[in-house]
Amino acid sequence: MCQRQSVRPWLVCLGGAVMLFSSMGLGSNLYSVYQPYIIAQNAFTNTQASWIITTRSLFIVLGMMSAGWLCARLGIRNAVSAGMLLLVLSRLLFGAAGSLPAYLAAAALTGLAYSWAGMIPLSLLINNWFQDRNAFALGLASAGSGLATILIPAPLTGIIQAWGLKAAFWTEAAFALLLGGAVYLLVQDHPARLGLEPYYQGGGREHTPLQHPAPKGMSPLFWALYLTAVFLTGAPTAIGMTNVGVLYRTEGFQPGTVAALVSCVGLALMVGKMLYGELADRLGGCPATCIIYGVALLAYALLCLAPNGSVPVAFAAAAALGLALPLSNVSFSIWARDFLGDEGFAKGLKWSQTLYALGIVAFGPLPGWLADRTGGYVASYLLFGGMMAVSFLFVALVYRRTRSGGRPR
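Criteria and thresholds
- Residues numbered from 1 in each chain as written.
- Predicted model: local features only at pLDDT ≥ 70, side-chain atom pairs only at ≥ 80, totals over all residues.
- Heavy atoms only, no water.
- Helix = DSSP H or I, 4+ residues; strand = E, 2+ residues; numbered from the N terminus.
- Buried < 20%, exposed > 50% of the residue type's maximum accessible area, 1.4 Å probe, protein only.
- Salt bridge = Lys/Arg side-chain N within 4 Å of Asp/Glu carboxyl O.
- Axes fitted to C-alpha atoms, helices over the stretch in contact; angles between N-to-C directions.
- Parallel < 35°, antiparallel > 145°, perpendicular 65-115°, else oblique.
- Left-handed = near helix turned anticlockwise from the far one by under 90°.
- Contact = heavy atoms within 4.5 Å.
- Patch = residues over 30% accessible without salt bridge, like charges linked within 9 Å, V, L, I, M, F, W, Y side chains within 5 Å.
- Areas by Shrake-Rupley, 256 points an atom, 1.4 Å probe, with all protein chains shown as cover.
- 1 Å grid on protein atoms, 1.4 Å probe; cavity = no way out; pocket = protein on both sides within 12 Å on 5 of 7 lines; lining within 4 Å.
- Points joined across faces, edges and corners; volume = space filled by probe spheres on them.
- Nonpolar A, V, L, I, M, F, W, Y, C, P; charged D, E, K, R; others polar.

Draft legend 1. Seen up close, the side chain of Ser380. For Ser380, the location among the structural elements is in helix α19 (residues 378-402). The exposure class assigned to Ser380 is buried, which follows from its relative accessible area of 2%.

Below, the structure is given as structure tokens:
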């Protein structure tokens with residue numbers, strides 16, 4: 001296969017990056033910018049505001065359970081396009097919302113968009129298009145969600161302060177519609193439909209695709225430990241990211257500083273996804289996972305220091321959190337292949353994403369409830385740090401049991 005034909009997989013990778021920039025970046029990560037203004041404008045309690053996130057999370061679960069089926073039924077490209085359209089509709093509804101039920105309906109559409117144009121279709125695309133550098137390509141594409149968190153918070157905050165929430169959400173809807181068109185042009189389901197082969201380094205026909213057989217030792221007990229570990233990552237990563245803005249606003253940080261902190265998380269998230277993928281390709285899934293869990297535990301320790309008012313510590317916390325957030329998406333593809341092999345990859349990916357989303361649903365209302373009783377969000381981040389430590393222990397036990405995730409040969 002000629003070297004020129006290896007360009008197309010990277011265009012699909014770019015399409016995946018635009019897709020996650022939209023569904024995860026605009027649809028989910030940037031909600032932390034909106035949340036303090038939604039609470040203030042509508043006189044919501046923290047508990048009521050948490051139900052918006054919980055509703056989104058519930059529909060993420062439903063979307064995760066149906067995403068694989070939808071991709072098989074409609075094709076990945078069409079399923080993703082449906083998700084992008086739902087994202088546009090959700091932004092329009094958020095802008096028009098004036099009551100809690102309307103916000104919940106908009107959050108439901110956001111949750112479906114997050115799933116149907118999110119990590120499951122992206123992982124299937126990367127698996128179809130890349131034989132080599134699979135984890136790096138996945139990390140590179142999924143870094144698109146972090147780019148949104150870098151570029152958008154400052155102008156978004158400016159629009160909200162100058163013209164209000166409606167103008168901000170409707171501007172975002174128009175932007176998402178343009179991005180949806182770009183995704184449709186770039187994404188193709190499989191290289192065979194274009195007469196191509198998956199990407200591999202070197203480009204020669206003599207290349208033998210890497211095989212990933214299922215390791216021995218994955219008993220029902222250790223499968224349950226693994227799914228529990230994934231379940232426990234949901235709240236610390238997704239809810240932890242969503243509440244970064246309100247954590248620091250509650251502790252008295254200025255709006256401009258908070259917007260910069262959210263952007264810092266996004267920049268570190270981009271670096272973290274690519275770095276994690278590269279580490280997994282070079283060192284193996286187990287060493288890469290140990291490193292990223294260590295960074296995650298550091299992040300939650302620093303986030304709990306928000307009441308001291310230190311801006312440098314806050315930026316260190318934001319950077320560490322962003323570097324650790326690939327645990328909420330890139331890791332599932334790596335773990336699914338390490339623990340179940342190529343044959344069980346789709347199954348592992350589906351259940352990982354579903355249990356992750358269930359973890360978000362289960363703990364969604366908790367930060368707001370704790371904030372109403374303690375006066376802040378630090379207690380939630382203490383809990384998140386403990387959950388992440390237990391998750392690390394369980395994943396480490398599964399790696400030890402299966403003896404998988406070593407340096408690739």
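There's more to say after this.
Draft legend 2. Here's a closer look at the pattern of salt bridges. Taken as a whole and judged by the stated rule, the model has three salt bridges. Of the charged contacts, one joins Arg91 and Glu172 as a salt bridge, the two residues approaching to 3.2 Å between their closest N and O atoms. In this pair, Arg91 is assigned in helix α4 (residues 76-96) and Glu172 in helix α10 (residues 165-186), connecting sequence segments 81 residues apart. Comparing Arg91 with Glu172 shows no difference in burial state: the two are buried. As a salt-bridge pair, Asp189 and Arg193 come within 3.7 Å of each other at their nearest N and O atoms.

Draft legend 3. Looking closely at the packing of helix α8 (residues 144-151) against helix α13 (residues 255-283). It is at 7 Å that the axes of α8 and α13 come closest, and there the two elements cross at 155°. With respect to their mutual orientation, α8 and α13 come out roughly antiparallel. In this structure, the crossing between α8 and α13 has a hand that is left-handed. Here Ser145, Gly146, Leu147, Thr149 and Ile150 of α8 come into contact with α13, specifically with Val262, Ser263, Gly266, Leu267, Leu269, Met270 and Lys273.

Draft legend 4. Structural detail: a nonpolar patch on the surface. On the surface, a nonpolar cluster with roughly 360 Å² of combined accessible area is contributed by Leu85, Leu89, Leu92 and Trp170. The greatest single-element share of the nonpolar patch, amounting to three residues, is contributed by α4. Following the sequence through the fold, Leu89 ends up in helix α4.

Draft legend 5. Region of interest: the layout of surface pockets. What the second largest pocket holds in volume is close to 150 Å³. Around the second largest pocket, the lining residues are Ser32, Val33, Pro36, Tyr37, Thr157, Gln161, Gly245, Arg249, Pro255, Val258, Ala259 and Val262. Listed by contribution, the elements that provide at least two residues to the lining of the second largest pocket are α2 (31-42), α9 (153-163), α12 (244-250) and α13. Grouping the constituent residues of the lining of the second largest pocket by class yields seven nonpolar, four polar and one charged.

Draft legend 6. Quick look at empty space enclosed by the protein. Going through the model one piece at a time under the given rule, you end up with three cavities of 30 Å³ or more. Quantified by volume, the largest cavity comes out at close to 140 Å³. Lining the largest cavity are 17 residues, and of these Asn29, Tyr114, Ala238, Ser328 and Tyr356 sit closest to its centre. For the lining of the largest cavity, the secondary-structure elements that each account for two or more residues are α1 (7-29), α3 (46-74), α11 (220-242), α13 and α17 (345-363). Split by residue class, the lining of the largest cavity holds nine nonpolar, six polar and two charged.

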